[in-house]
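# Summary of structural features
Listed here are the chains, written in short residue letters.
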Amino acid sequence: MMQNNALQFKRQVTIKLADVKLQGALSRLQSRFVEGRSAVISEIADLPQTRDAAAGIRNRVLNDLEHWLLHFEREATARGTVVHWAETGEDVNRIVTEIAAQHGVKTAAKSKSMVSEECGLNDALERAGVTVMETDLGEYILQLAKEAPSHIVAPVVHKNKEEVADLFAEKHGLPRKTGIAELCREAREILRPAFLNADMGISGANFLIAETGSALIVTNEGNGRLVTTLPRVHVAITGIEKVVPTLEDVSTLLRLLPRSATGQSITNYVSMLTGKKSVTDPDGPEHFHIILLDNGRSSLLGGEMQDMLRCIRCGACMNHCPVYQNIGGHAYGWVYPGPMGSILTPLLSGLENSPDLPNASTLCGACAVVCPVKIPLPDLLRKLREKQMERGMKSRQETLLLKTWAWFALHPKLYAFATKVGVKFMAILGGKEKLLHNLPGASGWTNGRDFPAPTGKTFRELYRKEHNK
Amino acid sequence: MSARDNILNKIRKAQTPNSNAAEVIAQHLAQHPRGPRPNIPDDLVAHFKARALKLSSDVLETDDSKNVPQLLADYLREKSLPMSGVCWPELADLPWLAAGLEIHSHPPLPHLNPDGTTSHSTKPASGQVAGYLPKGEEANISLREFNDTDAVGVTSAFCAIAETGTLMMLGGADTPATTSLLPETHVAIVDPKRIVATMEDAWELMRKEFSQPPRAVNFISGPSRTADIEQTVTLGAHGPYRVLLILAPL
Ligand code: SF4
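Residues numbered from 1 in each chain as written. Chains lettered and ligands numbered in written order. Predicted model: local features only at pLDDT ≥ 70, side-chain atom pairs only at ≥ 80, totals over all residues. Heavy atoms only, no water.

### Quick word on the sheet that holds strand β14 (residues 242-247) of chain B
Residue and element names in this part refer to chain B. Sheet architecture is open: 6 strands sit in the order β1-β14-β9-β6-β2-β3, paired in parallel fashion. In this open sheet, the two edge strands, each paired with only one partner strand, are β1 (58-61) and β3 (102-105). Going from strand to strand, the sheet's axes swing by 25 degrees on average, the running direction of each strand aside. As judged from the 4 bridges shared by strand β2 (residues 84-87) and β3, these two strands associate in the parallel manner. Bridged to Cys87 within β3 is Ser105. The sheet contacts of helix α4 (residues 68-78) involve β1, β6 (152-155), β9 (185-190) and β14, and relative to β14 the element is tilted by about 150 degrees. (Pairing = 2+ DSSP bridges. Helix = DSSP H or I, 4+ residues; strand = E, 2+ residues; numbered from the N terminus. Axes fitted to C-alpha atoms, helices over the stretch in contact; angles between N-to-C directions. Contact = heavy atoms within 4.5 Å.)

### Here's the deal with the pattern of salt bridges
Oppositely charged side chains can pair when the atoms bearing their charge come close. Per the stated rule, a full pass over the model turns up 39 salt bridges over all chains. As a salt-bridge pair, A:Asp379 and A:Arg382 come within 3.2 Å of each other at their nearest N and O atoms. Of the two residues, A:Asp379 and A:Arg382 are both situated in helix α17 (residues 377-390); the distance of 3 residues between them amounts to about one turn of the helix. A relative accessible area of 38% places A:Arg382 in the partly exposed class. A salt bridge links B:Asp201 to B:Arg34; its shortest N-O distance comes to 2.9 Å. Of this pair, B:Asp201 sits in helix α6 (residues 199-209) while B:Arg34 is found in the loop between α2 (21-31) and α3 (44-54), placing the two residues 167 residues apart along the sequence. By relative accessible area, B:Arg34 is classed as partly exposed at 35%. (Salt bridge = Lys/Arg side-chain N within 4 Å of Asp/Glu carboxyl O. Buried < 20%, exposed > 50% of the residue type's maximum accessible area, 1.4 Å probe, protein only.)

### Some words on helix α1 (residues 3-14) of chain B
Owing to its 3.6 residues per turn, the α-helix brings residues three or four apart onto one side. Taking 1.5 Å per residue, 12 residues should reach 16 Å; α1(B) reaches 17 Å between its end C-alpha atoms and fits that length. Inspection of α1(B) places B:Ala3, B:Ile7, B:Leu8 and B:Ile11 among the buried residues, and these make up the whole buried set. Down the axis, α1(B) shows its buried residues gathered within 125 degrees of arc, on one side only. Each element contacted by the buried residues of α1(B) is listed here: α4 (65-78) and β1 (81-86) of chain A. (Expected span 1.5 Å × (residues − 1). Arc of directions from axis to C-beta.)

### Focus: the domain arrangement of chain A
Structurally, chain A comprises domain 1 (6-293) and domain 2 (396-467). Between the C-alpha centres of domain 1 of chain A and domain 2 of chain A the distance comes to 48 Å. (Domains from an automatic or database assignment.)

### A few points about the pairing of strand β6 (residues 214-219) of chain A
Each regular strand carries side chains that alternate between the two faces of the sheet. Residue and element names in this part refer to chain A. Most of β6 is tucked away: 6 of the 6 residues are buried. Alternating residues of β6 divide into Ser214, Leu216 and Val218 and Ala215, Ile217 and Thr219, and every residue in both groups is buried. Summarising the sheet, strand β5 (residues 207-209) and β6 pair through 3 bridges and their orientation is antiparallel. Within the sheet, the bridge partner assigned to Phe207 lies in β6 and is Leu216.

### Section: the layout of surface pockets
Taken as a whole, the second largest pocket encloses approximately 1,200 Å³ of empty space. Taken together, 49 residues make up the lining of the second largest pocket; nearest its centre are A:Val153, A:Asn220, A:Thr262, A:Gln264 and A:Thr267. At the level of elements, α2 (20-41), α6 (114-119), β6, β7 (233-239) and α12 (247-262) of chain A together with α3 and β12 (225-226) of chain B are the ones that each hand at least two residues to the lining of the second largest pocket. The dominant element in the lining of the second largest pocket, judged by the number of residues it contributes, is α2(A), at 5 residues. Of the residues contributing to the lining of the second largest pocket, the split by class is 21 nonpolar, 17 polar and 11 charged. (1 Å grid on protein atoms, 1.4 Å probe; cavity = no way out; pocket = protein on both sides within 12 Å on 5 of 7 lines; lining within 4 Å. Points joined across faces, edges and corners; volume = space filled by probe spheres on them. Nonpolar A, V, L, I, M, F, W, Y, C, P; charged D, E, K, R; others polar.)

### Overview of empty space enclosed by the protein
With a probe scaled to a water molecule rolled over the atoms, the places where space remains empty come into view. Residues and elements named next belong to chain A. Considering all chains together, one arrives at 9 cavities of 30 Å³ or more under this definition. Here the largest cavity defines a volume of roughly 100 Å³. Here the lining of the largest cavity gets 4 residues from one element, more than from any other, and that element is α12. When its residues are assigned to classes, the lining of the largest cavity shows 4 nonpolar, 3 polar and 3 charged.

### Side note on helix α5 (residues 89-102) of chain A
All names here are of chain A. Here α5 spans 20 Å end to end across 14 residues, near enough to the 20 Å set by a 1.5 Å rise per residue. Taken together, the buried positions of α5 are occupied by Gly89, Asp91, Val92, Asn93, Ile95, Val96, Ile99 and Ala100. Of the surrounding secondary structure, the elements contacted by the buried residues of α5 are β1, α6, α7 (121-127), β4 (200-203), β7 and β10 (287-293). One or two residues past the end of α5 sits Gly104, with phi positive at roughly 60 degrees.

### Remarks on the environment of A:Thr97
All names here are of chain A. Tracing the chain through its elements places Thr97 in helix α5. For Thr97, a relative accessible area of 22% translates into the label partly exposed. Counting along the chain gives 154 residues from Thr97 to Ser251, while the straight-line C-alpha distance between them is 34 Å. Ignoring anything within four residues of it in the chain, the contact list for Thr97 reads Leu125 and Ala128.

### Description of the site of the ligand
Surrounding the ligand, one finds A:Cys311, A:Ile312, A:Arg313, A:Cys314, A:Gly315, A:Cys317, A:Met340, A:Cys371, A:Pro372, A:Val373, A:Ile375 and A:Leu377. Tallied by class, the residues present in the shell around the ligand amount to 10 nonpolar, 1 polar and 1 charged. (Near = heavy atom within 4 Å.)

### Here we look at the nonpolar core
Of all hydrophobic cores here, the largest spans 130 residues; its most connected members are A:Val96, A:Met200, A:Met308, A:Met340, B:Met168 and B:Trp203. Setting aside its immediate chain neighbours within four residues, A:Val96 contacts A:Leu121, A:Leu125, A:Met200, A:Ile202, A:Val235, A:Ile237 and A:Ile291. (Core = buried A, V, L, I, M, F, W, Y, C linked by side-chain atoms within 4.5 Å.)

### Focus: the sheet that holds β6(A)
In a beta sheet, neighbouring strands are held together by backbone hydrogen bonds and run either parallel or antiparallel to one another. Across the sheet, which stays open at both edges, the 8 strands sit in the order β8(A)-β5(A)-β6(A)-β9(A)-β11(B)-β8(B)-β7(B)-β10(B) with mixed pairing between neighbours. Taken across any chain shown, the strands that pair with only one partner, and hence form the sheet edges, are β8 (243-244) of chain A together with β10 (195-196) of chain B. The sheet contact formed by strand β9 (residues 269-273) of chain A and strand β11 (residues 216-220) of chain B spans 5 bridges and is antiparallel. Among the inter-strand pairings, A:Tyr269 is bridged to a residue of β11(B), identified as B:Ile220.

Next comes the structure, spelled out in structure tokens:
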């Protein structure tokens, strides 16, 4: 399984905030994806009703996951698909390695799959002697650079074109290109033979359709179509929560997914794959395997965190998150960044391994406003924080602070007195500039920016004054 | 205990089992209700064209499919593109040569008969099947190698969707998916009568004409693209660089 580095969160944040190049890249993401979304989301005449419908479709399955999974499995099997179940990422790696061995697979072409990142599948396959080629342009760049994705939709958002040009020149041994179009063509020409020669195609699946036993994949580059059409074996890996009942239901979700993700009314390609190649099919894989991964997802069912399983991985919550916009995806330490990652990472790989993530949010609520399936992300973050409190996982400083505050809050007279003194004191410290450059106990704030000093009056004093006018 | 049992047990434990789940599921599947849909203007053809152009597809029109080769030839010449390629067998009889195009038909593939034997239901395209097909290997021929060098791939479409300017392609014996995928230019002849309003309508048409979905259903919305480098949209990633839609009755 991919290692969770979320324990390094605070240290990483300091590094990322000071990274000028990263800051440039992130502001680009914000303008393209945030503005792109708002331009096309309005094409949906009745957005609230459509979001309700989308959330309802996801809930319908999640509330009765067992039966929907079994129905999907039955339909898929009837069309010659082999359905595998995996409890952990290691299980996925083992199953894919076994399939590869069974069919004498030497090379695999892979389209983007965040679930496979959860498992650390590429390393496992390489260890088993299978050469894996990432074919999504972003993932290919990351594979060359030996880096992890920093966004679930735009994995290489943290790199600019100069870095890509240097990387290609070094790894491809061709003259250095500078234009983005030329770089894309170079990658296309290098990767085309990889598609044609691959023994196995590996993909994710955005949705599994119970009605037809199909896997549905959305892509823009066409690599998703290539890896599921050309190689003689195709393995699709996805989470157990990805089932959708019918073709109509998936149509509703497809109105929201690309609009929320990249600001497109539809992705270039939507491919629905059902079963293996039949005698009359001119193309397609002779063997089609679908792997259903649990990896902790089932533990979210039936509880207050179940809503998180509605996620369709559009990335809108991170694009709109002021914290993500400033630190990028790597600081979050695991596969999923931004608000959805701050919830999923602790839930799937341990709250004790990611203590800072539930707090990596200002609870501004932007994520919940844009989430196409109406996941109450700030509420879930708050619940995780409560869990941390209950389990005594907060730092002693923070616990002491909150306890002190709670005591004062229960003693209103003393509270009023203490704030009055404190506010006066801070106003004096702030001086003429009315800014505090250094605040004991809050250096995390004041290292990066100043803290505006209070004017010298507390809210209560101001309120009373207004009221007595 | 298998992983399957373990996972299903965990789910079962977390959720109160629904006593009539099977019934509820069967009902939802049988009714497959539609969700909220946008209002699509009555003129589906005009809406389709407008949306397709927005997706960077090129659009031409003719009222006679016999004119398609000439329209294509002019288009390719104007863009200084190669004048040769490959087409689906059903389009093999269009006057390609007369328009100065060298368009080969995919070798028709065998169809499965009810008695389990296979046969060709589409007649081989007269005089136009080039030396592609190694003799005696037609039954299990893979189209992939020779397809990769084709510059132009000409297809029709199962139907088209006005809402988004999208083509719906169903893979099958005479409709290989590779024709719309490997060449740098994909040309699709769209019958205006087969333009429907929404994706839901497209599924309904498929349900009506087929008992089950084919192995591959592909919705295509313009040329392949990537925005991975600096979020700058670049046309022509791994699939076609351009998609030309020719509206013509078929
Ligand atoms: S939580 Fe919502 S907004 Fe975030 S990725 Fe998932 S579906 Fe998209």
